[in-house]
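Geometric and topological summary
Here is what each chain is made of, one letter per residue.
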Amino acid sequence: MLNVAQQFAKSLQAIGVKFVFGVPSGNMIDYIEAIRQEEGIEYITVGHEATAAIMADVCGRITGVPGVCFGTFGPGATNLSSGVGGAFLDRSPMLAFTDEMPDKLLHRTVQMRIDHQALFAPITKWTTRMQASTVKNTILQASNIAKANINGPVHIGVPSGIASLTKAQVETEIWEENQPITPDFNIELEKFKKAFKYSRKPIIAIGLSAVRCGASVQIKKLAEKFSIPIVLTPMSKGMLNEDHPLYIGVLFHALSNIVAETYGQADLVIGIGYDPVEINYEDWMPRVPLVHIDIKPVDVDLDAIILEAELIGQLKTVLELFTNFAKPANNWDLNEVQKRKTKMFQALSPSNQWGPRAVISELRKSLPVEGILSVDVGAHLHLLGQQWRTPLPEKLIMTNGWSSMGFAIPAAMAAKISNPDLPVACLLGDGGFFMTVGELATIKRLNLAIVIVIIIDCSLSLIEIKQQKKGFDSSYGTSLNPANYFTSDSYFGIPVLKVTDLASCQRAMLKAFQMKEAVVIEAHVDGDEYKNLVLKPTKLS
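Since the model is a prediction, treat every value here as computed from it, not as a measurement.

**Quick look at the overall build of the protein**
Each helix and strand in the protein was counted, giving 19 helices and 19 strands. Dimensions of the protein, computed from the C-alpha atoms along their principal axes, are close to 70 × 65 × 45 Å. Across the 541 residues in the protein, those meeting the buried criterion constitute 57%. Put simply, of all contacts in the protein between residues at least 6 apart along the chain, 73% involve residues at least 24 apart. Accessible surface, the protein: about 21800 Å² in total, of which carbon and sulfur atoms supply 51%. Of the charged side chains in the protein, 50 are positive and 54 negative; the average position of the first set lies 4 Å away from that of the second.

So, in structure tokens, the structure goes:
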């Protein structure tokens, strides 16, 4: 009969898990050994538990199979929780395991003991405690929950001392998520038809749920049939090509004021798969009716939003019904829409000037179209979120629901492990780099060929701009180490290419993508360029 650790490994392998990320603990070594002996699944040690959880997050969103991570008692669990929160608000399926005290010590004062169930309850879809007799059932049920409806993480506490026990397995129970009470679909559909019939300038807002449902083809089809401009949330970039005449831009990111010039003229907003975890409707919408189409009921302030209709159900089914609507009159001047978009992209073009725009531009030219880019949080994300041409959603990996610094390097590691044959790069600022530089040792150990591009402006630029807008001292609390701190020619054996102008950047990018190993590009820039591009108004006054 299999022991608990062996059941654990076999159950993970059975649901399609290929990697488990974590920092080993004494209690976990039985499980690591069981994974070693189980074909098709591998345990990967990383430098920090937050990295393990971010990698599990990104593996989950890339493959659709829950990513798996592990943290030990107390500090291991709290470190892990940062990345678990990311999976919760960025909507990624995950199984997060932590050591827990045995039953007899649960209510005792013990070194490293905190209540892990209470810790993870607010940032997971479900938290539970594994028992020796229910290992398989617990993992299968947790996987179902992680993938049901809106994806997210599940936490499973693993009591110490049970790994070598053998117990009879129980039958698998099928878990079904409680479905919310929703309005009568047919009534809401008629309300939508009526609102659409009399609308003359509707716009479509695409969100994260539409990405998860793979609805890009249907959305493009109906937008083209009705000539409806489309705006995206940041994490839905890639759902429509930036050169498409109906594409108007990304909400909340660079030069959002120009994007607002178009959607601010709308007389109806149609949210398709719109998840407010990125940006609330009321933070950008004009005072016009809203039609919300998603698998989840709308979350709005009804004093600020005119909710005309909400259609809750299978997204593709609703979109098919929408496509069959009669075509109303349309007053959009698409030439003017195109002019505004052209003006925006011209402003985002570096025009041979050295700065963050040039770094992003040269990276886009150098990264093959099939390649994957992960990007960290900061001013550079706001700039890239509008500037970067994204062929498909899975080609740009960011965190916008959780928005944690230190995301880019672990995300790139997970992307490369999941897609070893694809080129992978990551872009981050010096602030995020300081948080995760130690993981370069992991990249070297795992021999992951990743191009790591660091924009070095010696400041937390996004916070500095916010300070300036309020008239505060913009150097206080935001200044980082001076540029001369970056003097090494390698990190943990990974070579460093330093660039200080456009020509050296072009040479470094060319060289980096020809190398078959990890390489760091340090791009030293002046962060003043951000000031006229990011944190622009998202709502017309």
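The discussion continues.
**As for the sheet that holds strand 7 (residues 202–206)**
Reading across from one edge, 9-8-7-10-11-12 is the order of the six strands in this open sheet, with parallel pairing throughout. Because the sheet does not close on itself, it has two edges, and the strands there are strand 9 (247–250) and strand 12 (306–312). Strand-to-strand, the axes of this sheet are offset by a mean angle of 20°, without reference to chain direction. The strands touched by helix 7 (residues 185–198) within the sheet are strand 7, strand 10 (268–272), strand 11 (289–294) and strand 12, with strand 12 carrying the most contacts at an inclination of about 130°.

**A short note on the side chain of Thr128**
Position of Thr128 among the secondary structure elements: in strand 5 (residues 126–129). In contact with Thr128, other than residues within four places in its own chain, are Gln117, Thr138, His155, Ile156 and Gly157.

**So, the confidence of the model for the protein**
Taken over all residues, the pLDDT of the protein has a mean of 93, while the share at 70 or more is 97%. Here residues 168–177 is modelled with pLDDT under 50, and outside its nearest four sequence neighbours on either side it reaches 21 contacts, counting other chains as well.

**With respect to the packing of helix 3 (residues 49–63) against helix 4 (residues 75–89)**
Across the interface, helix 3 lies against helix 4 with an axial gap of 7 Å and an inter-helix angle of 25°. It follows that helix 3 is roughly parallel to helix 4 by the angle criterion. As helix 3 packs across helix 4, the resulting crossing turns out to be right-handed. The segment helix 3 lies against helix 4, with Glu49, Ala50, Ala52, Ala53, Ile54 and Asp57 engaging Gly76, Asn79, Leu80, Ser82, Gly83, Val84, Gly86 and Ala87.

**Quick notes on the nonpolar core**
The biggest cluster of nonpolar side chains holds 97 residues, and the ones touching the most others in it are Phe192, Trp284 and Leu427. Once residues within four sequence positions are removed from consideration, Trp284 is found in contact with Ile203, Ala205, Val231, Leu251, Tyr263, Val269, Tyr274, Ile279, Thr538 and Lys539. Counting 48 residues, the second-largest nonpolar core is a separate cluster that includes Ile397, Phe433, Ile456 and Val520.

Cut-off values and rules
- Residues numbered from 1 in each chain as written.
- Predicted model: local features only at pLDDT ≥ 70, side-chain atom pairs only at ≥ 80, totals over all residues.
- Heavy atoms only, no water.
- Helix = DSSP H or I, 4+ residues; strand = E, 2+ residues; numbered from the N terminus.
- Buried < 20%, exposed > 50% of the residue type's maximum accessible area, 1.4 Å probe, protein only.
- Contact = heavy atoms within 4.5 Å.
- Areas by Shrake-Rupley, 256 points an atom, 1.4 Å probe, with all protein chains shown as cover.
- Lys, Arg positive; Asp, Glu negative; His and termini not counted.
- Charge placed at Lys NZ, Arg CZ, Asp CG, Glu CD.
- Pairing = 2+ DSSP bridges.
- Axes fitted to C-alpha atoms, helices over the stretch in contact; angles between N-to-C directions.
- pLDDT = per-residue confidence, 0-100.
- Parallel < 35°, antiparallel > 145°, perpendicular 65-115°, else oblique.
- Left-handed = near helix turned anticlockwise from the far one by under 90°.
- Core = buried A, V, L, I, M, F, W, Y, C linked by side-chain atoms within 4.5 Å.

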